[in-house]
Amino acid sequence: RSLVVVHFWAPWAPQCAQMNEVMAALAKEHTQVTFVKLEAEAVPEVSEKYGISSVPTFLFFKNSQKVDRLDGAHAPELTKKVQRYVSSSSVSAGSNDSAKEDLNVRLKKLINAAPCMLFMKGSPKEPRCGFSKQMVEILNKHGISFSSFDIFSDEEVRQGLKTYSNWPTYPQLYVAGELIGGLDIIKELEASGELDTVCPKAQKLEDRLKILINKAPVMLFMKGSKQMAKCGFSKQIIEIINSTGVDYETFDILEDEEVRQGLKTYSNWPTYPQLYVKGELVGGLDIVKELRESGELLPILKGEN
């Protein structure tokens, strides 16, 4: 069949059960689509191959090629994506216009996902073309803070952005939602000294981590959020903290790879979740469990100990 939707799920995550119900309803509506459930932790080699770091995650395959993905429990977005791929199979001018409009909305969101966005081949750590590699080197040399999108990961974005921005090649650099240009333009800006004024400077990682750790008296760095944990350990620690009635803030380390890796070194603590009180590391799930059993957790969270 032309379209296959694979749901990477986990039995401990309630949001996965909800999305399984959504999939069942979609399967009844779109009988030409194949829906598959894979327990992410039971097939680690498959999860690793496709970069599955949280559940639920949905991958879309068309004619055996991966064409799209959706991270998180977003029922309307899942429905929209399935409908879009089904409608793109049947050629009608109306459905094509609608799909084009949906793509433009998505492109605008991606372009505005960070103050400085680079659309490139590969990632900053592993560029997959010489031009992208040079672009990353220039931005890093000038200490410019940027996020990136791998256009190889999404053919629809790769082709659609060329039309949207009227720029036929990659990499493409955007600042504040506006196209700056490709490698040649960035080289010209660098030569003229304008690059530093056009692009936002990176905040030192250590300073950024300090600010995040002290954002609230009680800060939890976890996979997901307090509303939707994305791993079993994070889910358990939230339940424990919620039972104390103490206010706390969370930071989703899956949303920021720089913070995810940097905090391990900064705190000398290799795993997540990590709990901080008044800027000091308390520890992970095991420590929090021990503190709860000894009766010390509440005084520590209140800053009394």
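Placed above this text is the structure.
Cut-offs applied
Residues numbered from 1 in each chain as written. Predicted model: local features only at pLDDT ≥ 70, side-chain atom pairs only at ≥ 80, totals over all residues. Heavy atoms only, no water. Buried < 20%, exposed > 50% of the residue type's maximum accessible area, 1.4 Å probe, protein only. Helix = DSSP H or I, 4+ residues; strand = E, 2+ residues; numbered from the N terminus. Arc of directions from axis to C-beta. Phe/Tyr/Trp six-rings, centres within 6.5 Å; stacked < 30°, edge-to-face > 60°. Lys NZ or Arg CZ within 6 Å of the ring centre and 35° of its normal. Pairing = 2+ DSSP bridges. Contact = heavy atoms within 4.5 Å. Axes fitted to C-alpha atoms, helices over the stretch in contact; angles between N-to-C directions.

Engineer: What exactly am I supposed to notice about helix α9 (residues 205-213) here?
Structural biologist: For an α-helix, the turn length of 3.6 residues means that residues three or four places apart are oriented alike. Taken as a whole, α9 has its buried residues at Leu209, Leu212 and Ile213. The arc enclosing the buried residues of α9, seen along the axis, measures out at 95°, which places them on a common side.

Engineer: Hey, could you run me through the packing of aromatic side chains in this one?
Structural biologist: One pair of aromatic rings is described through two measures. These are the centre distance and the angle between the planes. Summed over the entire model, instances satisfying the criterion amount to 6 aromatic pairs. Arranged with centres 5.6 Å apart and planes meeting at 85°, the rings of Tyr50 and Phe61 form a pair that is edge-to-face. Placement of Tyr50 in the loop between α2 (44-49) and β3 (57-62) and of Phe61 in strand β3 is noted, with a sequence separation of 11 residues between them. Residue classification places Phe61 among the buried residues on the basis of a relative accessible area of 14%. For the ring pair Phe221 and Tyr276, a centre distance of 5.5 Å and an interplane angle of 80° mean the geometry is edge-to-face. Note that Phe221 is positioned in strand β9 (residues 218-222) and Tyr276 in strand β11 (residues 274-277), a separation of 55 residues in sequence. Residue classification places Phe221 among the buried residues on the basis of a relative accessible area of 0%. Aromatic ring contacts, followed pair by pair, group Phe119, Phe149 and Tyr174 into a single cluster. Of note, Arg84 hangs over the ring of Tyr85, and the distance from its end group to the ring centre comes to 5.6 Å. Over the ring of Tyr248 we find Lys226; its NZ or CZ atom is 4.3 Å from the centre of that ring.

Engineer: Help me understand the pairing of strand β1 (residues 3-9), please; the structure alone is not making it clear to me.
Structural biologist: Walk down a regular strand and you will see the side chains alternate between the two sheet faces. Of all the 7 residues making up β1, 5 are buried; the element is thus mostly covered by neighbouring parts of the structure. Pairing geometry for β1 and β3, over 6 bridges, is antiparallel. Bridge pairing in β3 places Phe8 opposite Thr57. Relative to strand β2 (residues 34-39), β1 runs parallel, the two being bridged by 6 bridges. Of the residues in β2, the one forming a bridge with Val5 is Phe35.

Engineer: For this particular structure, what's the right way to read the side chain of Arg260?
Structural biologist: Positionally, Arg260 belongs in helix α11 (residues 257-267). Accessibility expressed as a relative area gives 17% for Arg260, which makes it buried. Apart from the residues lying within four places of it in its own chain, the contact partners of Arg260 are Ser53, Lys223, Ile253, Leu254 and Tyr272.

Engineer: How should I be thinking about the environment of Ser54 in this particular structure?
Structural biologist: Note that Ser54 resides in the loop between α2 and β3. C-alpha separation for the pair Ser54 and Leu281, spaced 227 residues apart in sequence, amounts to 24 Å. Once residues within four sequence positions are removed from consideration, Ser54 is found in contact with Asp71, Lys230 and Leu254.

Engineer: Just to check I follow, could you spell out the sheet that holds strand β5 (residues 116-120) for this structure?
Structural biologist: Strand-to-strand pairing in sheets goes through backbone hydrogen bonds, with the strands running parallel or antiparallel. With mixed pairing, the 4 strands of this open sheet are ordered in space as β6-β5-β7-β8. Where the open sheet ends on each side, the last strands, each with one partner, are β6 (147-150) and β8 (178-181). Each adjacent strand pair in this sheet contributes to an overall mean axis angle of 30°, direction not counted. The strands touched by helix α5 (residues 130-141) are β5, β7 (172-175) and β8; relative to β5, the strand with the most contacts, the crossing angle is about 160°. Set on the sheet, helix α6 (residues 155-165) makes contact with β5, β6, β7 and β8; between it and β7 the angle comes to about 60°.

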